[in-house]
Amino acid sequence: HGDVNNKISETARLTIGNKFGEGSNNQKYNVRMDLAYINVKDFMGLDSIRVGRSQLDVIGNGLIGKGEGNDGILLKKSLGKTTYKLYTGDVNQDWNSSTQDSQQLTTAEITHAFNDKFSAGLGYYWANIDRTATGNGKGNLNVAGNSTSTEVAFHSARGADLGFCWKLGKYRLFGDYIF
């Protein structure tokens, strides 16, 4: 992580799977850049723009999230005590996956700080992520389908996230309700 100037910062992280010097010749060392993004403050009337491969922290308080490998753009704007966030990106950067098909996720969220101790937000998400179910419960949904073959359970997902943050002394209580 580093600051280019007072408005632009960059973050990058290189991760390595397996241990160097160990393993057979057929094992990969799985070296990858799982975070690589820039954050620009006060740009074109927005509070911030984040572009690149980042964590998925764009809606709610964590039930919809992922720590790495999401290629996208996040726009953020605050007006008074209300914050608006828009995100779109490819969330299928799973390097152990057999497919690298794009899986687009788009979100919009409005959060309001009612006072110094309590804030709540409502977000909407849409994704074109296929999920499968098999008769033996081993599809990527981990639920049983109607037969022994893999069936596509849905081609897209959409819904809403209602979240809150309540500061209790030195602790914070977070909550998300996804519907």
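Here, the structure is the one placed above.
Let me sum up the structure you'll find in this document. Remember, it's a predicted structure, so these values are computed and weren't measured experimentally.

**Topic: the overall build of the protein chain**
- Summing up its helical and strand segments, the protein chain has zero helices and 12 strands in all.
- Listed N to C, the secondary structure of the protein chain is β-β-β-β-β-β-β-β-β-β-β-β in terms of helices and strands.
- Of all 179 residues assigned to the protein chain, the portion counted as buried reaches 31%.
- Long-range pairs, those at least 24 residues apart, make up 39% of the contacts in the protein chain with a sequence separation of at least 6.
- Carbon and sulfur atoms provide 56% of the accessible area of the protein chain, an area that totals close to 11,400 Å².

**So, the pattern of salt bridges**
- On inspection of all chains with the given rule, the structure shows four salt bridges.
- One salt bridge in this structure joins Arg13 and Asp34, with 2.9 Å as the shortest N-O distance. One end of the pair, Arg13, is in strand E2 (residues 8-16); the other, Asp34, is in strand E3 (residues 31-43), with 21 residues separating them in the sequence.
- Judged by its relative accessible area of 36%, Arg13 falls in the partly exposed class.
- Two residues, Arg53 and Asp71, come together in a salt bridge whose shortest N-O distance is 2.6 Å. Here Asp71 lies in strand E5 (residues 66-79) and Arg53 lies in strand E4 (residues 46-56), a separation of 18 residues in the sequence.

**Digging into the environment of Lys85**
- In this structure, Lys85 sits in strand E6 (residues 82-90).
- Judged by relative accessible area, which is 14%, Lys85 ranks as buried.
- In this structure the C-alpha to C-alpha distance between Lys85 and Val58, which are 27 residues apart in sequence, comes to 7.2 Å.
- Setting aside residues up to four positions removed in sequence, Lys85 forms contacts with Asp57, Val58, Leu74, Leu75, Lys76, Thr107, Ala108 and Glu109.

**Some thoughts on the sheet that holds strand E8 (residues 118-127)**
- In space, the 10 strands of this open sheet follow the order E1-E2-E3-E4-E5-E6-E7-E8-E11-E12, with antiparallel pairing throughout. Only two strands of the sheet have a single partner each, and these edge strands are strand E1 (2-3) and strand E12 (171-178).

What counts as what
Residues numbered from 1 in each chain as written. Predicted model: local features only at pLDDT ≥ 70, side-chain atom pairs only at ≥ 80, totals over all residues. Heavy atoms only, no water. Helix = DSSP H or I, 4+ residues; strand = E, 2+ residues; numbered from the N terminus. Buried < 20%, exposed > 50% of the residue type's maximum accessible area, 1.4 Å probe, protein only. Contact = heavy atoms within 4.5 Å. Areas by Shrake-Rupley, 256 points an atom, 1.4 Å probe, with all protein chains shown as cover. Salt bridge = Lys/Arg side-chain N within 4 Å of Asp/Glu carboxyl O. Pairing = 2+ DSSP bridges.

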